[in-house]
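Residues per chain are reported as follows:
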Amino acid sequence: MAAASARQVNIAIIGVGGVGKCFLSQLEQLAARRPDPKLVLTYISTSKKALYSSDHVAIPIAGVTSALAASEQQPLPLPKLVDFLGTSGSKTVLVDNTSSQDVADAYPLFLDRGISVVTPNKKAFSGSYKLWQDIFAAAARSGAKVYHESSVGAGLPVISTLKDLVETGDEVTKIEGVFSGTLSFLFNSFAPVSGGAGGNQWSAEVRRAKELGYTEPDPRDDLNGLDVARKLTILARLAGLPVESPTSFPVQSLIPKELESVGSGEEFLDKLPAFDGQMEDIKAEAEKEGKVVRFVGSIDVATQQVKVGLEKFDKSHPIAALKGSDNIISFYTKRYGSNPLIVQGAGAGGEVTAMGVTSDLLKVLSQIA
Ligand SMILES: NC(=O)c1ccc[n+]([C@@H]2O[C@H](COP(=O)([O-])OP(=O)(O)OC[C@H]3O[C@@H](n4cnc5c(N)ncnc54)[C@H](OP(=O)(O)O)[C@@H]3O)[C@@H](O)[C@H]2O)c1
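Keep in mind that this is a model prediction, so the values were computed, not measured. (Residues numbered from 1 in each chain as written. Predicted model: local features only at pLDDT ≥ 70, side-chain atom pairs only at ≥ 80, totals over all residues.)

With respect to the domain arrangement of the protein chain
Reports of interface size often rely on the accessible area that becomes lost once the parts have come together.
Part 1: The assigned domain composition of the protein chain is domain 1 (8-155 + 351-368) and domain 2 (159-346).
Part 2: For domain 1 and domain 2, the distance between their C-alpha centroids amounts to 30 Å.
Part 3: Between domain 1 and domain 2, the residue contacts involve 14 residues of the former and 18 residues of the latter.
Part 4: Every element with two or more residues in the side of domain 1 that touches domain 2 is listed here: α6 (123-126) and α7 (129-142).
Part 5: Looking at side-chain class alone, the side of domain 1 that touches domain 2 contains six nonpolar, six polar and two charged residues. (Domains from an automatic or database assignment. Contact = placed C-beta atoms within 7 Å. Helix = DSSP H or I, 4+ residues; strand = E, 2+ residues; numbered from the N terminus. Nonpolar A, V, L, I, M, F, W, Y, C, P; charged D, E, K, R; others polar.)

Section: the nonpolar core
Part 1: Judged by nonpolar contacts, the single largest core of 99 residues is most densely connected at V95, Y107, L111 and L235.
Part 2: Considering every element that reaches this core, the biggest residue donor is helix α12 (residues 226-238), with seven residues.
Part 3: Counting residues domain by domain, this core receives three or more from each of domain 1 (8-155 + 351-368) and domain 2 (159-346).
Part 4: Ignoring anything within four residues of it in the chain, the contact list for L111 reads V117, I135, A138, A139, S142, A144 and V146. (Core = buried A, V, L, I, M, F, W, Y, C linked by C-beta atoms within 7 Å. Buried ≥ 20, exposed ≤ 12 C-beta atoms within 10 Å, placed from the backbone.)

Examining unusual backbone geometry
Note: most peptide bonds trans; most residues except glycine with negative phi.
Part 1: Backbone torsion omega between D36 and P37 reads 0 degrees, so that peptide bond is classified as cis.
Part 2: Residue placement: P37 occurs in the loop between α1 (18-33) and β2 (38-45).
Part 3: Backbone geometry places H56, a non-glycine residue, at a positive phi of 60 degrees.
Part 4: A positive phi angle, close to 50 degrees, is found at A154, a residue other than glycine.

Describing the site of the ligand
Part 1: Around the ligand, 27 residues are found, and the nearest of them are G15, G17, V19, T46 and S99.
Part 2: Mapped onto the shell around the ligand, the elements with two or more residues apiece are α1, α4 (101-105) and α15 (350-368).
Part 3: Sort the elements by how many residues they give to the shell around the ligand and α1 lands first, with three residues.
Part 4: Its residues assigned to classes, the shell around the ligand comprises eight nonpolar, 16 polar and three charged. (Near = placed C-beta within 6 Å.)

Here we look at the sheet that holds β2
Part 1: What the six strands build is an open sheet, ordered β3-β2-β1-β4-β5-β6; its pairing is mixed. Each end of this open sheet is capped by a strand with a single partner; those strands are β3 (50-52) and β6 (146-147).
Part 2: Relative to strand β5 (residues 116-118), strand β4 (residues 91-96) runs parallel, the two being bridged by three bridges. Across the sheet, residue V95 finds its bridge partner in β5, namely V118.
Part 3: Contacts from helix α3 (residues 78-86) reach β1 (8-14), β2 and β4, with the element oriented near 160 degrees to β2. (Pairing = 2+ DSSP bridges. Axes fitted to C-alpha atoms, helices over the stretch in contact; angles between N-to-C directions.)

So, the packing of helix α9 (residues 181-190) against helix α10 (residues 202-211)
The relative placement of two packed helices is expressed as an angle between their axes plus a distance between the axes.
Part 1: α10 packs onto α9 with a crossing angle of 135 degrees between their chain directions and a minimal axis gap of 10 Å. Considering their axes alone, α9 and α10 lie oblique with respect to each other. For the pair α9 and α10, the sense of crossing is right-handed. Judged by residue contacts, T182, F185, L186, S189 and F190 of α9 engage W202, E205, V206 and A209 from α10.
Part 2: Of the residues contributing to the contact of α9 with α10, the split by class is six nonpolar, two polar and one charged. (Parallel < 35°, antiparallel > 145°, perpendicular 65-115°, else oblique. Left-handed = near helix turned anticlockwise from the far one by under 90°.)

What about the UniProt feature "domain: Aspartate/homoserine dehydrogenase NAD-binding" (unreviewed entry) in the protein chain?
Part 1: Look at the UniProt record and you will see "domain: Aspartate/homoserine dehydrogenase NAD-binding" (unreviewed entry) annotated at residues 15-149.
Part 2: The annotated region residues 15-149 carries 45% helix and 16% strand content, and the separation between its end C-alpha atoms amounts to 17 Å. (UniProt positions renumbered as here; feature names shortened; annotations may be inferred.)

Structure (structure tokens):
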């Protein structure tokens, strides 16, 4: 008797940048390692190019980035992509490896058509509260799944841990941590626990972080705190707080007012030394109390307070002792008492971020295939 044909799940990928490329190589290994369900790539695109065929023929994963670069096909407009994927006859997972708000806004359309979504993109879960509700309502209606582990702390098990705490009935009282690899690196260098021994001027540390590739092309995109605010919005919502948007709670920006509107990132870096005194004062004030300053986000669940900004920590505190560009997230709960459950490690990087996406895909496969 012929063996039953393997079950098939189609995969569509949008975004083939730092994370997308790592995800592709993890997908290739996964498909080779686990033949059932058979994973079939049927669509892949960047913002400018796409690869797909109208009859959903499998696209070989090996060498797909070069094939995509050579392709003359345009990406399908999102509603057309929903139709294309929805008519394949197979279960389908959309992997969104972009940071696009437009793609995020379309998740309810995909989910309503039964297409599951896995993504490291923060935009859908930290935008308007209505989009959040629409996404989970669409998933509940169709039974499609949506996972976004890498949207907070990259591959670190932050979202899955919080969901497990909540769903098993623990009471989360507070979440606190360092959520930005860039700001972690900056403060660990600027105000090391070893005190006066290390730590350059603030502006020099920002320039060094940029030169080492730790910051966005314009460092103000890290220093404005919005990326951290987006992550806090996601966690607060998962903890049950109906946070309206990442701008609906206090977020401290580290960009001096006078430099908010200077033209380029380079001009910003040139003018930043004039403001070193402000950061030096903050550091010295903490040092006087035997503490160090760190850029943290916190969610006080009982008082429903979410905030992002500078805080002082004893040098023995796990947040003060963080190294390099690591993230740390502490969950204070009724069960864990005064010793929080702590998740710590690399919170950025293509491979670890893609790992979170691949493990989300495995979770979806275990439920739909
Ligand atoms: N890198 C990390 O360490 C890290 C950590 C945690 C989370 N993340 C998240 O992971 C996602 C991907 O990050 P990345 O570092 O890989 O970004 P990236 O290198 O900039 O790549 C983004 C990719 O998405 C494509 N893209 C952007 N907008 C699109 C659109 N509207 N339609 C189709 N394709 C579009 C880009 O295509 P073009 O090249 O044509 O523009 C590019 O292929 C982001 O949401 C990011 O926040 C990243």
